[in-house]
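Close look at the chain arrangement
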Amino acid sequence: MDKIMNKGKIVLICTSLLLLSSCWFGSKDSQENAVDAPVGEILASMDGHSLITVGQFNDYYNQVIESQPGLKDLIAKNPNEVSGFKARLFENMLTEELAVAWTNKEGKHNDKDYQQARNNLLRMTERTLAMKVFSEAHKVTVSEADAKKFYDQNKTSPYLAHLFVAKAGGKKARAVSFGTAAAAQVFGKGLTPASFAKKAKDSKFKIEDLGIVSVQSRGIDPSLVLGIVRAKKAPAVIAVQGKDGKFYVVALDQKIDDIFRSFKDVKDLVVELVTNDKTQKHLAQELGKLKKKYNISLNEKFFKKPVAPASAQAPKKAASK
């Protein structure tokens, strides 16, 4: 069943590539005139001239593999499907080349809209490639000490803790709900976690065992979860107004600390996080230097102009006679 599903994924990817096309730009002439154009056995020709060579197809194949996350692993797990995959991919490439040939022979490539779209795509590709080269020329290094410092400072961060927590902690809690704040106040007055159950039983109130409550808790009123998470002490008894309109008296029996994955277990992840952060900051500094070096001036007033409502921006229609 898995092999059938994987084969289906490969077919789906090929179909998607045909519909969306790959980043294989340019006409036959532009490919022939390219520097170090791939050569090799001819796989397809047009009017007696080479259209696709083995080298060109291999480049195309490698581009597709690199652009599709997980495709390389999928192919590695299904070696018997590689030939079929390449055959379908070749059909995709041939289809694109035929589209290029038709566009050129019909003169569509001279259309204003086509030229503008082509120039926009090429310019965008050029920017992407330039940023890749610029980034590679300004690589940063991250020491193990830097990574360990980041881990120690951020493992309890509400934004990153989920990456480092092996087992989430929280507060062990029980709650009794009321329809009014006054009723909750009367019940909760002078209560401790130890006396909570007895008073609830004597008053014939139902106790809801919430288990261990943390920011990851689901199926509990979010306002109730937030109130419990924000409580500074445990054991304690607190009052919380729920989002559902109820008023809760909550016994916090125990605070259970998170159990974190060791630095050794998450070292590679931490190095990646620190590298990305350090790279962004370093590139920002280097780009700032380039702005000065290349005497860049900005029209900052443009972005401070108030945006007119859509109705005001739309052209007025001529009055009907």
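You'll find the structure just up there.
Not measured: the values here are computed from a predicted model. (Residues numbered from 1 in each chain as written. Predicted model: local features only at pLDDT ≥ 70, side-chain atom pairs only at ≥ 80, totals over all residues. Heavy atoms only, no water.)

1. Observations regarding the overall build of the protein chain
Stated precisely, the cut-off is as follows: Put simply, DSSP H or I for four residues or longer makes a helix, DSSP E for two residues or longer makes a strand, and each gets a number counted from the N terminus. Three labels apply to residues, based on accessible area from a 1.4 Å probe with only protein chains included: buried if under 20% of the type maximum, exposed if over 50%, partly exposed otherwise in between. Pairs of residues are marked as contacts when any of their non-hydrogen atoms sit within 4.5 Å.
Counting its regular elements, the protein chain contains 13 helices and 8 strands. Split into buried and exposed, the 321 residues of the protein chain put 28% on the buried side. At a minimum sequence separation of 6, the contacts of the protein chain that also span at least 24 residues come to 64%.

2. Some words on the sheet that holds strand β7 (residues 247–256)
The condition is simple: Pairing between two strands requires that DSSP report at least two bridges joining them. Between N-to-C directions, angles cover 0 to 180 degrees, with each direction set by a line fitted to C-alpha atoms, over the stretch in contact for helices.
The strand order β5-β4-β7-β6 describes an open sheet built from 4 strands, whose pairing is antiparallel. The open sheet has two edge strands with one neighbour each: β5 (208–213) and β6 (236–241). The average undirected angle you get between the axes of adjacent strands in this sheet is 30°. Bridge analysis of β6 against β7 gives 6 bridges, and the strand direction is antiparallel.

3. Thoughts on the pattern of salt bridges
Once the charged atoms of two side chains with opposite charge are near each other, the side chains can pair. We apply this condition: In what follows, salt bridge is the name for a side-chain nitrogen of Lys or Arg lying within 4 Å of a carboxyl oxygen of Asp or Glu.
Evaluated as defined, the whole model comprises 9 salt bridges. With a shortest N-O distance of 3.6 Å, Asp 47 and Lys 105 are connected by a salt bridge. Placement of Asp 47 in the loop between β1 (42–46) and β2 (49–53) and of Lys 105 in helix α5 (residues 82–105) is noted, with a sequence separation of 58 residues between them. Across the pair, Lys 105 and Asp 47 agree in class, each one exposed. Where Asp 253 meets Arg 174, a salt bridge forms, and the shortest distance between an N and an O atom there is 2.7 Å. Of this pair, Asp 253 sits in strand β7 while Arg 174 sits in strand β4 (residues 170–178), and the two are 79 residues apart along the sequence. The class of Asp 253 is partly exposed, set by a relative accessible area of 25%. For Arg 174, a relative accessible area of 18% puts it in the buried group.

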